[in-house]
Amino acid sequence: MANQSWMDMFPNADVNFMNEELMDHTPAVMSFYDMAPSGKKPFRYFKMWNTHPDFNTAVAASWNQQTTGHKLFQVVTKLKRLKGDYSCEEIKDAVFAIPGIKALGPDGQVLPFKYLGIPICTKKISGKECILLAEKMAARIKTWSTRNISFAGRAVLINSVLLSIHTYWSQIMKLPRKVITELESICRAFLWKGQSMMQGAGLVAWEKVVNAKDQIKSMMDIQRFVGTRYTIAEGYKLLCPVQPKITWDREVWGRLNVPKHCYFFWLAMHNRLRTKARLKAHNIVQEDTCVLCNQHQENIEHLFFICSVSAHCLLEVKQWLQWGSQCNSMQQLVRGIRRAKLSSFRKNVFSATIASLIYNLWKARNEHIWDMKIVSTNQIIQHTKEIVRTRVLVLLQKEVKKKDQD
């Protein structure tokens, strides 16, 4: 955006922003053109004129004077007579003399006015003026809420669409803290509920979800960043801070894992799935018995690995993969996959199988509770095998050893 001095000095300048190439900068091509002679500008009416106390009187005086000629000629003559011989300075002084008028935007609009969708004003923007930003994000979410979008799809939409709207505004002005908090609540509600409004708590604390971004803000010293010479190494250190070491990330977010299964695997590793044990701890349900075996308390370890149904499914899946591991808990299975002396391809297959089995067991548990439908172990095993087999065939690497293909 150019200031008024630039516009007065180069009124015919033109800027064309090109696409990004290898670097992260956007090249701009600026062109300057000679002043071309132009005729008189057409008549334009501004709403602010109607606020002047003598407006109606001046229009009536010009319109009541006798004028001869063609009807269109009469209208043009009366408009010229109404305009009078006033200089630009006289018009500007008269405009600023109107009560409540401080500055004018394009086409005589009163500040704050919108430019490229952003409210422009002479002072710090208020939360009331930023309500348009929240409305834009809520409108996008309303178009998405009618679709069945997984957690992975919601995360992509938040990072690529919702946060890009926020970033666009933040590049131009400093948003109030209240507005930023409201935008974060909208993103949190869409992630966990698929709506713009949220009631209750999310499965994982929002501070933990955006932990990396908060660490960058806490580590960045603005004064030091402005006063020192910027280097790529310093920028990389800021964007990639030291994180607590997670040993199960490759297994949970494996290349062959179905994105929906990755999210359930991740929630299970954090012990945030709404099992009956957790619901009873929050006084939501009174009974915490496992619905698959009707014997023990339903928690993460029991539901997916200790229960007679899940233990049988896990044993069949291990035999299908020719996996000789004796581990029967989530942490042990993940650690066993990571430490196994196998190719990366076979490790990815094992991770995808565990993630798919966890998802199918959770789905069978929910169908038993909500639809009173009992899913057999053979159906769970066959569905898990079909999903893994399809993912492997679709994403099969070309450089896979023959023993791994078998």
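Residues numbered from 1 in each chain as written. Predicted model: local features only at pLDDT ≥ 70, side-chain atom pairs only at ≥ 80, totals over all residues. Heavy atoms only, no water.

The helix and strand tally for the chain stands at 20 helices and four strands. Each of the 406 residues in the chain was classed as buried or not, and the buried ones make up 33%. By sequence separation, contacts in the chain at least 24 residues apart represent 53% of the contacts at least 6 residues apart. Only carbon and sulfur atoms are counted for the fraction: they give 55% of the accessible area of the chain, which is about 28,100 Å². (Helix = DSSP H or I, 4+ residues; strand = E, 2+ residues; numbered from the N terminus. Buried < 20%, exposed > 50% of the residue type's maximum accessible area, 1.4 Å probe, protein only. Contact = heavy atoms within 4.5 Å. Areas by Shrake-Rupley, 256 points an atom, 1.4 Å probe, with all protein chains shown as cover.)

Along helix 13 (residues 259–269), nine of the 11 residues are buried, which leaves the element largely enclosed by surrounding structure. Within the sequence span of helix 13, burial applies to His261, Cys262, Tyr263, Phe264, Phe265, Trp266, Leu267, Ala268 and Met269. In the segment just after helix 13, asparagine 271 is the residue with positive phi, at about 55 degrees.

Here we take up the nonpolar core. In this structure, Phe265, Phe304 and Met330 are the most contacted members of the largest nonpolar core, which totals 75 residues. Residue contributions to this core peak at 12 residues, all from helix 18 (residues 344–370). Leaving out residues up to four positions away in the same chain, phenylalanine 304 has contacts with Ala268, Leu273, Ser310, Met330, Ile358, Leu361 and Trp362. (Core = buried A, V, L, I, M, F, W, Y, C linked by side-chain atoms within 4.5 Å.)

Taken over all residues, the pLDDT of the chain has a mean of 78, while the share at 70 or more is 74%. Between residues 101–109, whose pLDDT stays under 50, and residues either more than four places distant or in other chains, the model counts 19 contacts. (pLDDT = per-residue confidence, 0-100.)

One pass over the full model with this rule turns up six aromatic pairs. For the pair tryptophan 253 and tryptophan 266, a centre-to-centre distance of 6.4 Å together with 45 degrees between the ring planes defines the contact as tilted. With tryptophan 253 in the loop between helix 12 (249–252) and helix 13 and tryptophan 266 in helix 13, this pair connects stretches of sequence that are 13 residues apart. Ring plane angle 75 degrees and centroid distance 6.5 Å describe the contact between phenylalanine 304 and phenylalanine 305, whose orientation is recorded as edge-to-face. The exposure class assigned to phenylalanine 304 is buried, which follows from its relative accessible area of 1%. Residue classification places phenylalanine 305 among the buried residues on the basis of a relative accessible area of 5%. Three or more aromatic residues joined by ring pairs form one cluster here, namely Trp253, Tyr263 and Trp266. The ring of tryptophan 323 carries lysine 318 above its face, with NZ or CZ at 5.9 Å from the centroid. (Phe/Tyr/Trp six-rings, centres within 6.5 Å; stacked < 30°, edge-to-face > 60°. Lys NZ or Arg CZ within 6 Å of the ring centre and 35° of its normal.)

As for its placement among the helices and strands, glutamine 297 is situated in the loop between helix 14 (276–281) and helix 15 (300–306). For glutamine 297, a relative accessible area of 40% puts it in the partly exposed group. Contacts of glutamine 297, omitting those with residues within four sequence positions, involve Ala277, Asp288, Cys290 and His302.

With that settled, the discussion passes to helix 5 (residues 131–144). Taking 1.5 Å of rise per residue, the 14 residues of helix 5 would be expected to cover 20 Å, and the 20 Å separating its terminal C-alpha atoms lies within 8% of that figure. Here helix 5 has its buried residues at Leu133, Ala134, Met137, Ala138, Ile141 and Trp144. Buried residues along helix 5 cover an arc of 130 degrees about the axis, so they all sit on one side. Next to the buried residues of helix 5 lie helix 6 (151–170) and helix 7 (177–193). (Expected span 1.5 Å × (residues − 1). Arc of directions from axis to C-beta.)

Taken together, the side chains of Trp6, Met7, Val15, Phe17, Met30 and Phe32 make up a nonpolar region of the molecular surface, amounting to roughly 590 Å² of accessible area. Elements represented by at least two residues in the nonpolar patch include exactly helix 1 (4–9) and strand 1 (14–17). When you line up the elements, phenylalanine 32 lands in the loop between strand 2 (28–31) and helix 2 (55–64). The exposure class assigned to phenylalanine 32 is partly exposed, which follows from its relative accessible area of 46%. (Patch = residues over 30% accessible without salt bridge, like charges linked within 9 Å, V, L, I, M, F, W, Y side chains within 5 Å. Salt bridge = Lys/Arg side-chain N within 4 Å of Asp/Glu carboxyl O.)

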